[in-house]
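Observations on the three-dimensional arrangement
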Amino acid sequence: MARSSTTADVFNAVAETRRREILDTLIDGEKAVGAIVSDLSLSQPQVSKHLRVLSEVGLVSSRPEGRRRLYRLEPSRLRPFHEWLAKYEQTLNERLDRMDEYLEQLQQGEPSDT
Amino acid sequence: MTPDRHGSAVVVFPSELEIVTTREFDAPLELVFEVLTKPEHVRNWFAPFTDVVTECSIDLRVGGDYHIVVVTEDGAECSFRGTYIEVEPPTRTVATWLFEGWPDADAVETVELHETDGVTTLTMRLAFRDQAGRDHMTTSDGQADSLDKLEDYLASLQRDVVSS
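To keep things clear, this report deals only with the structure shown in the data block. (Residues numbered from 1 in each chain as written. Chains lettered and ligands numbered in written order. Predicted model: local features only at pLDDT ≥ 70, side-chain atom pairs only at ≥ 80, totals over all residues.)

What to know about the overall build of chain B
In terms of helices and strands, chain B carries four helices and eight strands. Listing every helix and strand of chain B by position from the N terminus yields β-β-α-α-β-β-β-β-β-β-α-α. The proportion of buried residues among the 164 residues of chain B is 26%. Taking as baseline every contact in chain B between residues at least 6 positions apart, the subset at least 24 positions apart corresponds to 33%. (Helix = DSSP H or I, 4+ residues; strand = E, 2+ residues; numbered from the N terminus. Buried ≥ 20, exposed ≤ 12 C-beta atoms within 10 Å, placed from the backbone. Contact = placed C-beta atoms within 7 Å.)

Observations concerning the pairing of strand 8 (residues 119-128) of chain B
Residues and elements named next belong to chain B. Burial analysis of strand 8 places ten of its ten residues in the buried class, the great majority of the element. Residues Val119, Thr121, Thr123, Arg125 and Ala127 point to one face of strand 8 and Thr120, Leu122, Met124, Leu126 and Phe128 to the other, with burial holding for every one of them. As judged from the eight bridges shared by strand 2 (residues 18-25) and strand 8, these two strands associate in the antiparallel manner. What sits directly across from Val20, in strand 8, is Arg125. Sheet topology note: the strand 7 (residues 107-116)/strand 8 ladder contains ten bridges and is antiparallel. Bridge pairing links Ala107 to Phe128 in strand 8. Taking the residues between adjacent antiparallel strands as the criterion, strand 7 and strand 8 are bridged by two residues, where Asp117 takes a positive phi near 50°. (Pairing = 2+ DSSP bridges.)

Some thoughts on helix 1 (residues 29-37) of chain B
Those residues of helix 1 of chain B that sit buried are Val32(B), Phe33(B), Val35(B) and Leu36(B). Along the axis of helix 1 of chain B, the buried residues cluster in a sector spanning 165°; they form a single face. (Arc of directions from axis to C-beta.)

Laid out in C-alpha cells, this is it:
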C-alpha cells in the first residue's frame, strides 16, 4: 500500500530528485531511455523505474519509434502544482500585509525614547 | 512617512520544489523576529480578521515544536505544524513545515532576517523535504549563495528607492 500514494499523486512524483532531473532533461524534447541514461549518469533500470512512476501520473507520455520508445514531458500535468503555488502566493501576501500593519501598530503604540 | 508596501512580497520559484518569498518591513530586525516567533504576536497577524486563531504554540529551540490552528469563517480548520531544526535569534530559523490540508506538501522552511538602514528584509524559503534535506547535506554552500542574492536584492532595492 505504501507505493500507491507515490504513483497516484503529482506532488509525490516530483518530490524525488532523480525524477525532477528526468523532467528537466525532457524539457529539450522527446528522448529515448538511452539518451536520458547518458544525460544523467543513472543506470537504465533506475531511469526506467522513474519513468514508470512519471508515466503513471501522466507527467510523461511515450510512443514507440522503431525499436525504441520515446518519452515526452506533459507539462500541463503540472497544473495542480501551479494552482497550489498561486493560492499559496496570494495567502502569503495577505498574511505579510497583516504582519506589516501589526508591526506599524506596535511601533506607534510604543514610546520612541528607547 | 514610511512607504506603502502592501502586496509587495516577491515570490520566486528557483526550482519546482522551492518557493522563496522576500518582503520588507519598516521595523527593526529584533522586533520583526519577535513578531514572527512569539505566540502573543503571531495571534495578532497570522489569520485574516474573519478567521480565529484557536491554537498557537511555539517552542523556539532546536527540537521544539510549533503548532498553529486557524478556523476560517466557514468553519474549516487549517493546521500548520513543525519542529525547529535551527534557531539563531534574531536572524534565522529553520523548521519543518506541514500544512495538514496538504499532507503531500511536506517541507522545510528557512526564515532569515536582514536589517539595512532601519528596513528589515524577511526571506522565507520553503523547500519540499527531500530538496531541503539535500541542501542541508551539502552544508552551507546553498545558504551562502542565497545570502549573496539577498544582498544583491537589497542593493537593487535601495538603488530603486534613490532613483525614484
